[in-house]
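As a plain string of letters, each chain reads:
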Amino acid sequence: AQRVTQPEKLLSVFKGAPVELKCNYSYSGSPELFWYVQYSRQRLQLLLRHISRESIKGFTADLNKGETSFHLKKPFAQEEDSAMYYCALRGGGSEKLVFGKGTKLTVNP
Amino acid sequence: DAGITQSPRYKITETGRQVTLMCHQTWSHSYMFWYRQDLGHGLRLIYYSAAADITDKGEVPDGYVVSRSKTENFPLTLESATRSQTSVYFCASVAPAGAYEQYFGPGTRLTVT
């Protein structure tokens, strides 16, 4: 079974502090992992995916197959990072995504 | 960004009524999806479609019906709305094989009274 777990419903940090949003997954094969973000009053959009290994808006995420994790990190949080973040998994050649329950990040001034 | 649109954006209906949520995309993407977003549950897949006239159930299909007679449209119908179907509904699409990004619509906030 495919499952994505985001253990924190809410995460609050101060501007300039490091932030880490946790994501763990359960999948028997080689998954594709993604982070989607939903800013207030906006639609969901892709933030990054593990294959690209790129940094978007200062965020990075590394796939750790040993720990089955795909945590999202940013060294210095900004107020505009406040949003809902969803970790998602795609596997088995399917186009379907399995989403975690989401983490609401609030960056305080 | 008019690539994928949903209508209506807000809807209030009564228990037992039928309601249809519309989704339209202009990219000719083959795959389309319907999700519901609920506090504490995140996004859950209701139905998806690989192409016109090809649909399949997702995680939470009960109480919903879909059709896809044209590639660009993917309506979602609640045949007899219940209060538990109060939610925000998102439609999404993705291009053919090899693409990885799902593009989401703006959502429809449905309230069943």
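Up top you'll find the structure we're talking about.
None of the values given here were measured: they were computed from a predicted structure. (Residues numbered from 1 in each chain as written. Chains lettered and ligands numbered in written order. Predicted model: local features only at pLDDT ≥ 70, side-chain atom pairs only at ≥ 80, totals over all residues. Heavy atoms only, no water.)

## A word on the overall build of chain A
For clarity, the cut-off: Think of it this way: any DSSP run of H or I at least four residues long counts as a helix, any run of E at least two long counts as a strand, and we number them from the N terminus. C-alpha atoms define the radius of gyration, and 2.2 Å times the number of residues to the power 0.38 defines the globule rule.
Broken down by element type, chain A carries zero helices and 11 strands. Listed by position from the N terminus, the elements making up chain A come as β-β-β-β-β-β-β-β-β-β-β. Relative to the compact-globule value of 13 Å for 109 residues, chain A shows a C-alpha radius of gyration of 13 Å, a close match. Its C-alpha atoms put chain A at 40 × 30 × 25 Å along the principal axes.

## Quick look at the sheet that holds strand 8 (residues 76-78) of chain B
Residue and element names in this part refer to chain B. Rules: Two strands qualify as a pair provided DSSP detects at least 2 bridges between them. Every axis corresponds to a line fitted to the C-alpha atoms, with the helix fit spanning only the stretch in contact, and the corresponding angles, defined between N-to-C directions, vary from 0 to 180 degrees.
Ordered in space as 1-3-8-7, the four strands form an open sheet in which the pairing is antiparallel. Across the chains shown, the open sheet's two edge strands, defined by having one partner strand only, are strand 1 (4-7) and strand 7 (64-66). On average, each strand axis in the sheet is inclined to that of its neighbour by 20 degrees, with strand direction left out of account. In the sheet, strand 1 pairs with strand 3 (residues 19-25) via four bridges, with the strands oriented antiparallel. Within the sheet, the bridge partner assigned to Q6 lies in strand 3 and is C23.

## What about the environment of V65 of chain B?
Residue and element names in this part refer to chain B. The line we're drawing: Only protein chains enter the accessibility calculation, which uses a 1.4 Å probe; a residue whose area is less than 20% of its type maximum is buried, one above 50% is exposed, and one in between is partly exposed. In this description, contact between two residues means that some pair of their heavy atoms is separated by no more than 4.5 Å.
Within the secondary structure, V65 is located in strand 7. For V65, a relative accessible area of 32% corresponds to the partly exposed category. Residues within four places of V65 in sequence aside, it is in contact with P75, L76, T77 and E79.

## Quick word on the nonpolar core
Our working definition: Definition of nonpolar core: a set of buried residues of the types Ala, Val, Leu, Ile, Met, Phe, Trp, Tyr and Cys, connected through side-chain atoms within 4.5 Å.
W35, L72 and Y85 of chain A are the most contacted members of the largest nonpolar core, which totals 24 residues. In contact with L72 of chain A, other than residues within four places in its own chain, are V19, E20, L21, W35, L47, L48, F59, T60, A61 and Y85 of chain A.

## Brief notes about the interface of chain A and chain B
Going by this rule: When two parts are brought into contact, each loses some accessible area as probed by a 1.4 Å sphere; the total of that loss over both is the buried area. Think of a salt bridge as a Lys or Arg side-chain nitrogen and an Asp or Glu carboxyl oxygen that are within 4 Å of each other. Here a polar contact means two N or O atoms within 3.5 Å. Within protein one must be a hydrogen donor candidate and the other an acceptor candidate, and residues neighboring in sequence count only if both atoms are side-chain atoms.
Residue-level contacts link 15 residues of chain A with 22 residues of chain B. Across the chain A to chain B interface the summed buried area is about 1,800 Å²; carbon plus sulfur atoms make up 56%. Sorting the residues of chain A by area buried against chain B places R43, E95 and K96 of chain A first, and these three jointly supply 38% of that buried surface. Counting across the interface, chain A meets chain B through zero salt bridges. Applying the counting rule to chain A against chain B returns six residue pairs in polar contact (both at pLDDT 80 or more). Going through the elements one at a time, strand 5 (32-38), strand 6 (45-49) and strand 9 (83-90) of chain A are the ones with two or more residues in the side of chain A that touches chain B.

## A look at unusual backbone geometry
Backbone phi values are negative for most residues with the exception of glycine, while trans is the configuration of most peptide bonds. For the bond from S7 of chain B to P8 of chain B, the omega torsion is -10 degrees, close enough to zero to count as cis. Positive phi, normally seen in glycine, also occurs at K57 of chain A, with a value near 55 degrees. Locating K57 of chain A in the fold gives a position in the loop between strand 6 and strand 7 (60-61). For K57 of chain A, a relative accessible area of 48% puts it in the partly exposed group. Even without being glycine, D53 of chain B reaches a positive phi, approximately 70 degrees. Here D53 of chain B falls in the exposed class, since its relative accessible area comes to 66%.

## Let's talk about the pattern of salt bridges
Following the criterion strictly, the structure yields eight salt bridges over all chains and no others. Among the salt bridges present, the one from D81 of chain A reaches K74 of chain A, with a minimum N-O distance of 2.8 Å. Here the two residues D81 of chain A and K74 of chain A agree in accessibility, since each one is buried. Residue R44 of chain B is joined to D38 of chain B by a salt bridge in which the shortest nitrogen-to-oxygen separation is 3.0 Å. For the pair R44 of chain B and D38 of chain B, one class covers both residues: buried. Members of the salt-bridge network, linked through shared partners, are E20, K22 and K73 of chain A.

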